[in-house]
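# Structural description and commentary
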Amino acid sequence: MTLYLLALLAIVQGITEFLPISSSAHLILIHRIAGVTADDLALDVAVHIGSIFAVILYFRVESLSAFAGLWHIARRRNDTPQARLAGLLILATVPAVVFGAFLALSGYDGALRSVTVIGWTMILFGIALWWFDRVAPQAKTAPGWSWRDAAIMGLWQAVALIPGVSRSGITMTSARALGYERHEAARLSMLMSIPITLATGGLLGLRAVEQGGLSPDMLGGIAIAAALSFIAAYGALAMMMRFLSKVSFTPYVIYRIALGLLLLALAYS
């Protein structure tokens, strides 16, 4: 893989991972255009790791609280705020893990990675984001995140395993539908990304090892991809959080629909 393609994959993953425009859709399209290579899995692992470290650093206070909460739960101190946050994130992650296991075992995960599916999901879930952002109240904040809301958002997050849906997009959509402020919806979405992205990166890493895709001569490229993804992700995340305090999700929706229409035109031509 050329340095140009490696950098492109890393930067695209970093920028799109936390924007509601589907990073998986963009990565699949790049792989399709550039051609499939033996080290795709390893590089996907690298860019996932880079992007998730960006969100952990950006939300370092909440991240440290959640990790501390895991320790509290292990020691049966379930009544602390840290344990509550960790429990909420675990609850919101379970549906995606279960649905992901079903897709992997059934073989449907490969069938869903088509340009046609991506085109339709980009459009339909873009419209859903626009609609709920337009009609739902902005009354709730992240500190008031409830067990019920975490479960509902977790179910929505599971649907994001279908390429083109966008994990960040659908969790922001569900948070807005539940009445969370726009900025707070993005905050919850980013916190929910930590456990599921770590789980995804771990799964991809195991697959890469099984397929012999983590050879020593690739370590340099993997390190570069992770670093570029981290930089791009942190910048995109910082800009989005600042952007959402002033503007709605509409620009992202317009982009989703435009790209979705282009993909459908290519698929049906």
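Conventions adopted
- Residues numbered from 1 in each chain as written.
- Predicted model: local features only at pLDDT ≥ 70, side-chain atom pairs only at ≥ 80, totals over all residues.
- Heavy atoms only, no water.
- Helix = DSSP H or I, 4+ residues; strand = E, 2+ residues; numbered from the N terminus.
- Expected span 1.5 Å × (residues − 1).
- Buried < 20%, exposed > 50% of the residue type's maximum accessible area, 1.4 Å probe, protein only.
- Axes fitted to C-alpha atoms, helices over the stretch in contact; angles between N-to-C directions.
- Parallel < 35°, antiparallel > 145°, perpendicular 65-115°, else oblique.
- Left-handed = near helix turned anticlockwise from the far one by under 90°.
- Nonpolar A, V, L, I, M, F, W, Y, C, P; charged D, E, K, R; others polar.
- Phe/Tyr/Trp six-rings, centres within 6.5 Å; stacked < 30°, edge-to-face > 60°.
- Salt bridge = Lys/Arg side-chain N within 4 Å of Asp/Glu carboxyl O.
- Arc of directions from axis to C-beta.
- Core = buried A, V, L, I, M, F, W, Y, C linked by side-chain atoms within 4.5 Å.
- Contact = heavy atoms within 4.5 Å.

## Observations concerning helix 11 (residues 219-243)
- With 25 residues, helix 11 extends 36 Å from end C-alpha to end C-alpha; this agrees with the ideal 36 Å at 1.5 Å per step.
- Burial in helix 11 covers these residues: Ile 222, Ala 225, Ala 226, Ser 229, Ala 232, Ala 233, Ala 236, Leu 237, Ala 238, Met 240 and Met 241.

## Focus: the packing of helix 7 (residues 115-135) against helix 12 (residues 250-268)
- In contact at an axis separation of 8 Å, helix 7 and helix 12 are set at 155° when each is read in the N-to-C sense. One finds that helix 7 runs roughly antiparallel with respect to helix 12. Here helix 7 runs over helix 12; the crossing is left-handed.
- When the residues that make up the contact of helix 7 with helix 12 are grouped by side-chain class, the tally is 17 nonpolar, six polar and one charged.

## Structural notes on the packing of aromatic side chains
- Under the defined criterion, the tally for this structure stands at seven aromatic pairs.
- Residues Phe 132 and Trp 156 carry aromatic rings whose centres are separated by 6.0 Å and whose planes lie at 70° to one another, so their mutual orientation is edge-to-face. With a gap of 24 residues between them, Phe 132 in helix 7 and Trp 156 in helix 8 (residues 147-159) connect regions that are remote in the sequence.
- The class for Trp 156 is partly exposed, based on a relative accessible area of 27%.
- Seen from their ring centres, Phe 243 and Tyr 252 are 5.9 Å apart, and the 80° between their planes marks the pair as edge-to-face.
- In textbook terms, an aromatic cluster arises when at least three aromatic residues are bridged by ring pairs, as seen for Tyr 58, Phe 59, Phe 230 and Tyr 234.

## Thoughts on the pattern of salt bridges
- Across all of its chains, the model carries six salt bridges by this definition.
- In this structure, Lys 140 engages Asp 149 in a salt bridge whose closest nitrogen and oxygen atoms are separated by 3.1 Å.
- The shortest N-O distance in the salt bridge between Arg 187 and Glu 184 comes to 3.6 Å. Of this pair, Arg 187 and Glu 184 both sit in helix 10 (residues 182-210), separated by three residues, roughly a single helical turn.
- Judged by its relative accessible area of 12%, Glu 184 falls in the buried class.
- One connected set of salt bridges, linked through shared partners, spans Glu 62, Glu 184 and Arg 187.

## Looking at helix 12
- A rise of 1.5 Å per residue sets the reference length of helix 12, with its 19 residues, at 27 Å; its end C-alpha atoms lie 27 Å apart and thus fit the reference within 8%.
- Within the span of helix 12, buried status applies to Tyr 252, Val 253, Arg 256, Leu 259, Gly 260, Leu 263 and Leu 264. All buried residues of helix 12 project into a common sector of 140° when viewed along the axis, lining one side. Exposed side chains of helix 12 directed beyond 90 degrees from the buried face belong to Ile 254 and Leu 266.

## Quick look at the nonpolar core
- Val 55, Trp 145, Met 190, Leu 237 and Met 240 are the most contacted members of the largest nonpolar core, which totals 37 residues.
- Listed by contribution, the elements that provide at least two residues to this core are helix 3 (40-58), helix 5 (81-106), helix 8, helix 9 (167-177), helix 10, helix 11 and helix 12.
- Discounting residues that sit within four places of it in the chain, Trp 145 has contacts with Arg 84, Leu 88, Leu 89, Ala 92, Ala 150, Met 153, Tyr 180, Leu 188 and Met 192.

## Observations regarding the side chain of Thr 16
- Mapped onto the elements, Thr 16 comes out in helix 1 (residues 3-16).
- In this view, Thr 16 contacts Ile 21, Ser 23 and His 26; residues no more than four positions away in its chain are not counted.

## Concerning the environment of Ala 177
- When you line up the elements, Ala 177 lands in helix 9.
- In the structure, Ala 177 is positioned 49 residues away from Ala 128 in sequence and 9.6 Å away in space, judged by C-alpha atoms.
- If sequence neighbours within four positions are ignored, Ala 177 has contacts with Phe 132 and Ala 136.

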